[in-house]
Amino acid sequence: MTDDEQTPETTGTSEQAPAEAAPPEIESDDAIDRELRRMTRRGFLVAGVAAGVGYGGWAWLRSREPLGGMAWPFRRALELNESLALAYFSGSRMSRTFRRDQITRARINGGLGLSPDYYDASRWALRIDGGPSPALLTMADIHALPARQVITELRCIEGWSYVVQWVGVRLADVIAKYPPPTRDGSRPDVVNHPEKLVRYVSIETPDRGYYVGLDMQSALHPQTLLAYAMNDAPLTWQHGAPLRLAIPVKYGIKNIKRIGTIRYTDVKPADYWAERGYDWYAGH
Ligand SMILES: Nc1nc2c(c(=O)[nH]1)N[C@H]1C(S)=C(S)[C@@H](COP(=O)(O)O)O[C@H]1N2
Ligand SMILES: [Mo]
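These remarks concern the structure in this document. For clarity, every value in this text was computed on a predicted model and none was experimentally measured. (Residues numbered from 1 in each chain as written. Chains lettered and ligands numbered in written order. Predicted model: local features only at pLDDT ≥ 70, side-chain atom pairs only at ≥ 80, totals over all residues. Heavy atoms only, no water.)

Re the side chain of K257
(1) Moving on: Looking at the element boundaries, K257 is found in the loop between β13 (244-246) and β14 (261-265).
(2) Moving on: Residue K257 is classed as buried on the basis of its relative accessible area of 9%.
(3) Moving on: At 2.8 Å, the side chain of K257 and the backbone oxygen of G110 are in polar contact.
(4) Moving on: With residues up to four places along the chain from it excluded, the contact list for K257 reads I108, N109, G110, L114, T205, Q238, H239, G240, L243 and R244. (Helix = DSSP H or I, 4+ residues; strand = E, 2+ residues; numbered from the N terminus. Buried < 20%, exposed > 50% of the residue type's maximum accessible area, 1.4 Å probe, protein only. Polar contact = N/O pair within 3.5 Å; in protein donor to acceptor, adjacent residues only side chain to side chain. Contact = heavy atoms within 4.5 Å.)

Things to note about the site of ligand 1
(1) Moving on: The local shell around ligand 1 holds 19 residues, among which R107, L112, Y162, H239 and K257 are the closest.
(2) Moving on: Within the backbone of N109, a nitrogen or oxygen atom sits 2.8 Å from an oxygen atom of ligand 1.
(3) Moving on: When the free accessible area of ligand 1 is taken as 530 Å², the share hidden by the protein chains comes to 98%.
(4) Moving on: Take the shell around ligand 1: its biggest share by element is three residues, from strand β4 (residues 106-109).
(5) Moving on: A class-by-class count of the residues in the shell around ligand 1 yields nine nonpolar, seven polar and three charged. (Near = heavy atom within 4 Å. Areas by Shrake-Rupley, 256 points an atom, 1.4 Å probe, with all protein chains shown as cover. Nonpolar A, V, L, I, M, F, W, Y, C, P; charged D, E, K, R; others polar.)

A word on the pattern of salt bridges
(1) Moving on: By the definition in use, this model includes twelve salt bridges.
(2) Moving on: Of the charged contacts, one joins E153 and R155 as a salt bridge, the two residues approaching to 3.3 Å between their closest N and O atoms.
(3) Moving on: E153 gets classed as partly exposed once you look at its relative accessible area, which sits at 22%.
(4) Moving on: On the basis of relative accessibility, which here comes to 32%, the residue R155 falls in the partly exposed class.
(5) Moving on: For E204, the salt bridge goes to R208, with nearest N and O atoms at 3.2 Å.
(6) Moving on: Look at R208 and you get partly exposed, because its relative accessible area is 45%.
(7) Moving on: When salt bridges with common partners are traced through the structure, they connect R183, R199 and D266 into a single cluster. (Salt bridge = Lys/Arg side-chain N within 4 Å of Asp/Glu carboxyl O.)

Observations concerning the nonpolar core
(1) Moving on: Counting residues in each nonpolar core, the largest one holds 40 residues, and the members touching the most others are L126, L171, I203, L226, L245 and I262.
(2) Moving on: It is helix α5 (residues 171-177) that provides the largest number of residues to this core, a total of four residues.
(3) Moving on: Residues in contact with L245, not counting those within four places in the same chain, are L171, I203, L214, T224, L225, L226, K254, N255, I256 and I259.
(4) Moving on: Membership of the second largest hydrophobic core comes to 14 residues, among which are C156, A227, M230 and A241. (Core = buried A, V, L, I, M, F, W, Y, C linked by side-chain atoms within 4.5 Å.)

Considering the packing of aromatic side chains
For any pair of aromatic rings, the description rests on two quantities: the centre-to-centre distance and the angle between the ring planes.
(1) Moving on: By the definition in use, this model includes seven aromatic pairs.
(2) Moving on: Pairing Y272 with W273 gives two aromatic rings, centres 5.1 Å apart and planes at 80°, and the pair type is edge-to-face.
(3) Moving on: By relative accessible area, which is 27% here, W273 ends up partly exposed.
(4) Moving on: Both rings, one in W273 and one in Y278, keep their centres 5.6 Å apart while their planes meet at 85°; by these two values the pair is edge-to-face.
(5) Moving on: Among the residues examined, Y278 registers a relative accessible area of 37% and is labelled partly exposed.
(6) Moving on: By the ring-pair criterion, three or more aromatic residues cluster together here, those being Y210, Y211, Y272, W273 and Y278.
(7) Moving on: When the ring centre of W280 is taken as reference, the NZ or CZ atom of K254 above it lies at 4.5 Å.
(8) Moving on: A cation over a ring is seen here: K268 above W280, with NZ or CZ 4.9 Å from the ring centre. (Phe/Tyr/Trp six-rings, centres within 6.5 Å; stacked < 30°, edge-to-face > 60°. Lys NZ or Arg CZ within 6 Å of the ring centre and 35° of its normal.)

Printed below as a string of structure tokens:
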């Protein structure tokens, strides 16, 4: 078998050689680790201040003996919230990242739900359902969010993988802008209290020919992107133009191409390959 021969599943190759254009933002492991720590720290700091029980409580708090440089009730609140936030993000280990010179030739695999009707970005819209009111986003709305890149490995459950640069926006940024409801009906605070949100996100192609379910933690993971470019070129339709999911902590099956709808739910969503016997979480 020569290099050019493909398995029946593999309908072609992508010849998108990495160019030298400056990437929007390098997601080094360090930067992402810092981000995860910041998210956790924000989560417990805000709750720690809230635990200061108002004005008098704050004065009393400040008169206490410091423990480790902080008044002890304050510190207790911090520790409690830290463990809550850490428990929430405990599934958030970082997926391995790569250098640009480690990018390998991409494959194309899986064409379910890629009906050509929605390939044209001007005819496409991303629907966000399950929040307070449904939203319809254009590509311009997506591009208004900060661009990110991650160089990661796409791993198919069939046993092959490739290293690829994804460029897009963080799904977490989209979720923060269009927040899901909370489980207890309180006002959603995606950044500081992700643990209160409904637990799942369903993502579907415009024609519902392919659909995946995600746990909210993985959806909010800093490496999870809604990608519009790949190896410094716009996504081709076979790779899921105009917008696909790049979720490095999950196998290829969860990296849904051509997203039409994102729906928040507290009921574990349907998942195309889970219905056919694969693990619903499909983490690796
Ligand atoms: N819409 C859609 N997305 C999909 C699939 C599919 O059949 N349809 N297949 C999945 C599988 S099994 C893999 S391995 C990856 C492959 O992504 P690629 O074709 O961009 O390499 O897409 C995933 N996303
Ligand atoms: Mo796959």
